[in-house]
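Here's the letter readout for the chains.
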Amino acid sequence: MAAAGGARAARKNAPPREDVLAAAMATIAARGLEGLTMAGLGREVGMSSGHLLYYFGSKDELLLQTLEWSEAALGAERRALLARRGAARERLNAYVDLYVPDEARDPHWTLWLEVWNRSQNAGPGERDRQAAIEGAWHRDLVALLAEGISRGEFRPVDPDRFAARLRALLDGFSIQVAVGLPGIGREDILTHVSEFLDQSLVS
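Cut-off values and rules
As a convention, each chain's residues are numbered from 1 in the sequence order in which they are written. Totals for whole chains, interfaces and linings use all residues, but because this is a predicted model, local features are given only for residues with pLDDT of at least 70 and pairs of side-chain atoms are given and counted only at 80 or more. Excluding hydrogens and water, the side-chain values take into account all heavy atoms of the structure. By the criteria applied, helices consist of DSSP H or I runs no shorter than four residues and strands consist of E runs no shorter than two, each listed in order from the N terminus. Using a 1.4 Å probe on the protein chains alone, a residue whose accessible area is under 20% of its type maximum counts as buried, one over 50% counts as exposed, and one in between counts as partly exposed. Contact between two residues is taken to exist if any of their heavy atoms lie within 4.5 Å; hydrogens are not considered. Using a 1.4 Å probe, accessible areas were evaluated by the Shrake-Rupley method; residue-level cover was limited to the displayed protein chains. By the counting scheme adopted, Arg and Lys are positive, Glu and Asp are negative, and His together with the chain ends is not counted. Every charge is mapped to an atom, namely NZ of Lys, CZ of Arg, CG of Asp or CD of Glu. Whether a set of points on the 1 Å grid over the protein atoms alone is a cavity depends on a 1.4 Å probe fitting there but being unable to get out, while an open set qualifies as a pocket with protein on both sides within 12 Å along at least five of seven lines; lining residues are those with an atom within 4 Å of a point. Grid points are joined across faces, edges and corners, and a volume is the space filled by probe spheres set on the points. Ten residues, namely Ala, Val, Leu, Ile, Met, Phe, Trp, Tyr, Cys and Pro, are considered nonpolar, four, namely Asp, Glu, Lys and Arg, are considered charged, and the remaining ones, Gly among them, are considered polar. Any Phe, Tyr or Trp ring, taking Trp's six-membered ring, that has another such ring centre within 6.5 Å forms a pair; planes under 30 degrees apart are called stacked, those over 60 apart edge-to-face, and the others tilted. On a range of 0 to 100, pLDDT expresses the predictor's confidence in each residue.

1. Let's talk about the overall build of the protein chain
Stage number 1. A count of helical and extended segments in the protein chain gives 10 helices and zero strands.
Stage number 2. Of the regular secondary structure in the protein chain, the N- to C-terminal order runs α-α-α-α-α-α-α-α-α-α.
Stage number 3. With respect to the three principal axes, the spread of C-alpha positions in the protein chain is 70 × 35 × 30 Å.
Stage number 4. Relative to its full complement of 203 residues, the protein chain shows a buried share of 40%.
Stage number 5. Contacts in the protein chain between residues far apart in sequence, at least 24 positions, make up 69% of those at least 6 positions apart.
Stage number 6. In the structure as shown, the protein chain presents an accessible area of about 10,700 Å², 54% of it carried by carbon and sulfur atoms.
Stage number 7. In the protein chain, 24 positive and 28 negative side-chain charges are present, and the distance between their average locations comes to 5 Å.

2. Quick word on the layout of surface pockets
The gaps left among the atoms become clear once a water-sized probe is rolled over them.
Stage number 1. Of the pockets and cavities examined, the largest pocket occupies roughly 340 Å³.
Stage number 2. Lining the largest pocket are 22 residues, and of these Leu74, Leu98, Tyr99, His108 and Trp109 sit closest to its centre.
Stage number 3. Residue composition of the lining of the largest pocket, grouped by class: 12 nonpolar, two polar and eight charged.
Stage number 4. Around the second largest pocket, the lining comprises 13 residues; the ones closest to its centre are Asp60, Glu61, Leu64, Ala122 and Glu126.
Stage number 5. Put simply, the parts of the chain that give the lining of the second largest pocket at least two residues each are helix 5 (59-82), helix 7 (107-118) and helix 8 (124-150).
Stage number 6. Residue contributions to the lining of the second largest pocket peak at four residues, all from helix 5.
Stage number 7. By residue class, the composition of the lining of the second largest pocket is four nonpolar, five polar and four charged.

3. As for the packing of aromatic side chains
Stage number 1. The full count for this structure, using the stated rule, is seven aromatic pairs.
Stage number 2. Centroid distance Tyr95 to Tyr99: 6.0 Å. Interplanar angle 35°. Geometry classified as tilted. Of this pair, Tyr95 and Tyr99 both sit in helix 6 (residues 88-99), four residues apart, which is roughly one turn of the helix. Taken individually, Tyr95 and Tyr99 each receive the classification buried, so the pair is uniform in this respect.
Stage number 3. Relative to Trp109, the ring of Tyr99 lies with its centre 6.2 Å away and its plane at 55°, an arrangement referred to as tilted. Within this pair, whereas Tyr99 is found in helix 6, its partner Trp109 is found in helix 7, the two being separated by 10 residues in sequence. By the burial criterion, Tyr99 is buried, and Trp109 matches it.

4. Looking at the confidence of the model for the protein chain
Stage number 1. Predicted confidence across the protein chain gives a mean pLDDT of 88, with 93% of residues reaching 70 or more.
Stage number 2. For the protein chain, helix 1 (residues 2-13) is the element with the lowest average pLDDT, namely 46, and helix 6 is the one with the highest, namely 96.
Stage number 3. For the stretch residues 1-11, pLDDT sits under 50, and the model shows five contacts to residues farther than four places along the chain or on other chains.

5. Looking at helix 3 (residues 38-45)
Stage number 1. Of the positions making up helix 3, those classed as buried are Met38, Gly40, Leu41, Gly42 and Val45.
Stage number 2. Following helix 3 by one or two positions, Gly46 adopts a phi angle in the positive range, close to 75°.

6. What about unusual backbone geometry?
Stage number 1. Even without a glycine there, the phi angle at Arg105 is positive, about 65°.
Stage number 2. For Arg105, the position within the fold is in the loop between helix 6 and helix 7.

7. Examining the environment of Leu169
Stage number 1. With respect to the helices and strands, Leu169 occurs in helix 9 (residues 159-178).
Stage number 2. For Leu169, a relative accessible area of 26% gives the class partly exposed.
Stage number 3. In sequence terms Leu169 and Tyr95 are 74 residues apart; their C-alpha atoms lie 14 Å from each other.
Stage number 4. Once residues lying within four places of it in the same chain are set aside, the contact partners of Leu169 are Val193 and Phe196.

Structure representation (C-alpha coordinates):
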(Lines give C-alpha, C1' and ligand atoms only; values in the text may rest on other atoms or scores of the structure.)
Protein backbone atom coordinates (compact mmCIF):
# COMPACT_ATOMS: atom_id res chain seq x y z
CA MET A 1 0.00 0.00 0.00
CA ALA A 2 2.85 2.40 0.81
CA ALA A 3 4.41 1.77 -2.60
CA ALA A 4 1.10 2.40 -4.35
CA GLY A 5 0.65 5.61 -2.34
CA GLY A 6 4.13 6.75 -3.36
CA ALA A 7 3.35 6.13 -7.03
CA ARG A 8 0.12 8.13 -6.75
CA ALA A 9 1.99 11.00 -5.10
CA ALA A 10 4.62 10.95 -7.85
CA ARG A 11 1.92 11.17 -10.53
CA LYS A 12 0.20 14.03 -8.72
CA ASN A 13 3.37 16.06 -8.25
CA ALA A 14 4.88 15.43 -11.69
CA PRO A 15 5.17 18.37 -14.09
CA PRO A 16 3.08 18.30 -17.26
CA ARG A 17 4.43 15.93 -19.88
CA GLU A 18 4.98 18.82 -22.30
CA ASP A 19 7.21 20.56 -19.76
CA VAL A 20 9.47 17.51 -19.58
CA LEU A 21 9.65 17.20 -23.37
CA ALA A 22 10.33 20.93 -23.80
CA ALA A 23 13.10 20.70 -21.21
CA ALA A 24 14.60 17.72 -23.02
CA MET A 25 14.63 19.60 -26.32
CA ALA A 26 16.08 22.71 -24.69
CA THR A 27 18.87 20.60 -23.22
CA ILE A 28 19.66 19.09 -26.61
CA ALA A 29 19.75 22.56 -28.14
CA ALA A 30 22.06 23.90 -25.43
CA ARG A 31 24.35 20.95 -24.76
CA GLY A 32 23.72 18.34 -27.42
CA LEU A 33 22.57 14.78 -26.91
CA GLU A 34 25.60 14.03 -24.77
CA GLY A 35 24.32 16.62 -22.31
CA LEU A 36 20.90 14.97 -21.97
CA THR A 37 20.87 12.56 -19.04
CA MET A 38 17.89 11.32 -17.07
CA ALA A 39 19.44 12.67 -13.86
CA GLY A 40 20.13 16.09 -15.38
CA LEU A 41 16.70 16.31 -16.95
CA GLY A 42 15.14 15.29 -13.66
CA ARG A 43 16.87 18.19 -11.93
CA GLU A 44 15.56 20.57 -14.60
CA VAL A 45 11.94 19.58 -14.02
CA GLY A 46 12.07 18.71 -10.33
CA MET A 47 11.85 14.93 -10.68
CA SER A 48 14.21 12.10 -9.92
CA SER A 49 15.64 10.02 -12.73
CA GLY A 50 13.66 7.11 -11.29
CA HIS A 51 10.41 9.02 -11.68
CA LEU A 52 11.30 9.92 -15.27
CA LEU A 53 11.91 6.26 -16.02
CA TYR A 54 8.59 5.45 -14.37
CA TYR A 55 6.78 7.77 -16.79
CA PHE A 56 8.74 7.06 -19.97
CA GLY A 57 10.07 3.56 -19.39
CA SER A 58 13.41 4.22 -21.08
CA LYS A 59 15.55 6.97 -22.53
CA ASP A 60 14.68 5.68 -26.01
CA GLU A 61 11.00 6.33 -25.31
CA LEU A 62 11.76 9.77 -23.89
CA LEU A 63 13.66 10.67 -27.06
CA LEU A 64 10.90 9.36 -29.32
CA GLN A 65 8.21 11.27 -27.43
CA THR A 66 10.35 14.42 -27.55
CA LEU A 67 10.68 13.99 -31.30
CA GLU A 68 6.92 13.49 -31.66
CA TRP A 69 6.30 16.61 -29.59
CA SER A 70 8.71 18.64 -31.71
CA GLU A 71 7.21 17.25 -34.92
CA ALA A 72 3.71 18.24 -33.78
CA ALA A 73 4.84 21.86 -33.64
CA LEU A 74 6.62 21.60 -36.99
CA GLY A 75 3.57 19.91 -38.50
CA ALA A 76 1.32 22.78 -37.46
CA GLU A 77 3.78 25.26 -38.97
CA ARG A 78 4.04 23.21 -42.15
CA ARG A 79 0.27 22.94 -42.61
CA ALA A 80 -0.13 26.68 -42.04
CA LEU A 81 2.42 27.62 -44.68
CA LEU A 82 1.05 25.12 -47.19
CA ALA A 83 -2.47 26.52 -46.67
CA ARG A 84 -1.39 30.00 -47.75
CA ARG A 85 -2.71 31.47 -50.95
CA GLY A 86 -0.29 31.96 -53.79
CA ALA A 87 1.86 30.01 -56.19
CA ALA A 88 2.54 26.37 -55.41
CA ARG A 89 6.24 26.93 -56.11
CA GLU A 90 6.43 29.60 -53.40
CA ARG A 91 4.88 27.20 -50.91
CA LEU A 92 7.20 24.43 -52.09
CA ASN A 93 10.14 26.71 -51.37
CA ALA A 94 8.71 27.31 -47.88
CA TYR A 95 8.38 23.54 -47.35
CA VAL A 96 12.04 23.05 -48.30
CA ASP A 97 13.09 25.94 -46.06
CA LEU A 98 11.29 24.34 -43.11
CA TYR A 99 12.73 20.90 -43.86
CA VAL A 100 16.41 21.85 -44.05
CA PRO A 101 18.38 22.23 -40.77
CA ASP A 102 19.39 25.72 -39.75
CA GLU A 103 22.98 24.78 -39.00
CA ALA A 104 25.27 22.04 -37.72
CA ARG A 105 23.92 20.34 -34.58
CA ASP A 106 20.42 21.63 -35.29
CA PRO A 107 18.57 20.22 -32.24
CA HIS A 108 15.60 18.80 -34.15
CA TRP A 109 17.83 17.05 -36.67
CA THR A 110 20.21 15.90 -33.92
CA LEU A 111 17.28 14.29 -32.14
CA TRP A 112 15.88 12.85 -35.37
CA LEU A 113 19.18 11.19 -36.27
CA GLU A 114 19.57 9.73 -32.78
CA VAL A 115 16.05 8.28 -32.76
CA TRP A 116 16.59 6.68 -36.15
CA ASN A 117 19.94 5.29 -35.05
CA ARG A 118 18.32 3.72 -31.99
CA SER A 119 15.45 2.37 -34.11
CA GLN A 120 17.64 -0.54 -35.18
CA ASN A 121 16.66 -2.17 -31.91
CA ALA A 122 13.14 -0.70 -31.69
CA GLY A 123 9.96 -2.73 -31.76
CA PRO A 124 7.27 -2.54 -34.45
CA GLY A 125 5.22 -0.04 -32.45
CA GLU A 126 8.08 2.44 -32.24
CA ARG A 127 8.88 1.96 -35.92
CA ASP A 128 5.26 2.66 -36.80
CA ARG A 129 5.40 5.92 -34.84
CA GLN A 130 8.54 6.96 -36.71
CA ALA A 131 6.91 6.05 -40.02
CA ALA A 132 3.92 8.21 -39.08
CA ILE A 133 6.20 11.23 -38.76
CA GLU A 134 7.73 10.54 -42.17
CA GLY A 135 4.30 9.92 -43.65
CA ALA A 136 2.97 13.32 -42.60
CA TRP A 137 5.80 15.14 -44.37
CA HIS A 138 5.32 12.94 -47.43
CA ARG A 139 1.54 13.36 -47.69
CA ASP A 140 1.74 17.13 -47.40
CA LEU A 141 4.37 17.28 -50.13
CA VAL A 142 2.39 14.98 -52.43
CA ALA A 143 -0.71 17.15 -52.01
CA LEU A 144 1.24 20.32 -52.80
CA LEU A 145 2.81 18.79 -55.90
CA ALA A 146 -0.57 17.51 -57.10
CA GLU A 147 -2.04 20.99 -56.66
CA GLY A 148 0.79 22.58 -58.63
CA ILE A 149 0.36 20.02 -61.42
CA SER A 150 -3.41 20.53 -61.59
CA ARG A 151 -2.91 24.30 -61.88
CA GLY A 152 -0.34 23.92 -64.64
CA GLU A 153 2.51 25.30 -62.53
CA PHE A 154 4.46 22.03 -62.52
CA ARG A 155 5.15 19.41 -65.11
CA PRO A 156 2.80 16.39 -65.01
CA VAL A 157 5.05 14.17 -62.88
CA ASP A 158 3.90 11.38 -60.56
CA PRO A 159 3.48 13.33 -57.29
CA ASP A 160 4.13 10.35 -55.01
CA ARG A 161 7.29 9.22 -56.79
CA PHE A 162 8.60 12.75 -57.16
CA ALA A 163 7.97 13.47 -53.46
CA ALA A 164 9.91 10.35 -52.48
CA ARG A 165 12.87 11.43 -54.60
CA LEU A 166 12.79 15.03 -53.42
CA ARG A 167 12.68 14.02 -49.77
CA ALA A 168 15.59 11.62 -50.31
CA LEU A 169 17.54 14.53 -51.80
CA LEU A 170 16.61 16.77 -48.88
CA ASP A 171 17.52 14.09 -46.34
CA GLY A 172 20.92 13.46 -47.91
CA PHE A 173 21.87 17.12 -48.01
CA SER A 174 20.37 17.88 -44.60
CA ILE A 175 22.30 15.14 -42.84
CA GLN A 176 25.54 16.62 -44.17
CA VAL A 177 24.67 19.98 -42.64
CA ALA A 178 23.33 18.52 -39.39
CA VAL A 179 26.54 16.60 -38.69
CA GLY A 180 28.69 19.59 -39.64
CA LEU A 181 30.35 18.13 -42.73
CA PRO A 182 32.79 20.77 -44.06
CA GLY A 183 32.13 22.35 -47.42
CA ILE A 184 28.34 22.50 -47.46
CA GLY A 185 25.92 24.77 -45.64
CA ARG A 186 22.24 25.57 -45.55
CA GLU A 187 22.40 28.11 -48.38
CA ASP A 188 24.25 25.61 -50.57
CA ILE A 189 21.43 23.10 -50.05
CA LEU A 190 18.72 25.63 -50.87
CA THR A 191 20.55 26.54 -54.08
CA HIS A 192 21.00 22.90 -55.13
CA VAL A 193 17.35 22.06 -54.41
CA SER A 194 16.07 25.19 -56.19
CA GLU A 195 18.07 24.25 -59.30
CA PHE A 196 16.74 20.69 -59.12
CA LEU A 197 13.14 21.91 -58.88
CA ASP A 198 13.61 24.33 -61.75
CA GLN A 199 15.00 21.59 -63.97
CA SER A 200 12.54 18.88 -62.91
CA LEU A 201 9.25 20.68 -62.37
CA VAL A 202 9.28 24.04 -64.12
CA SER A 203 11.60 24.10 -67.12
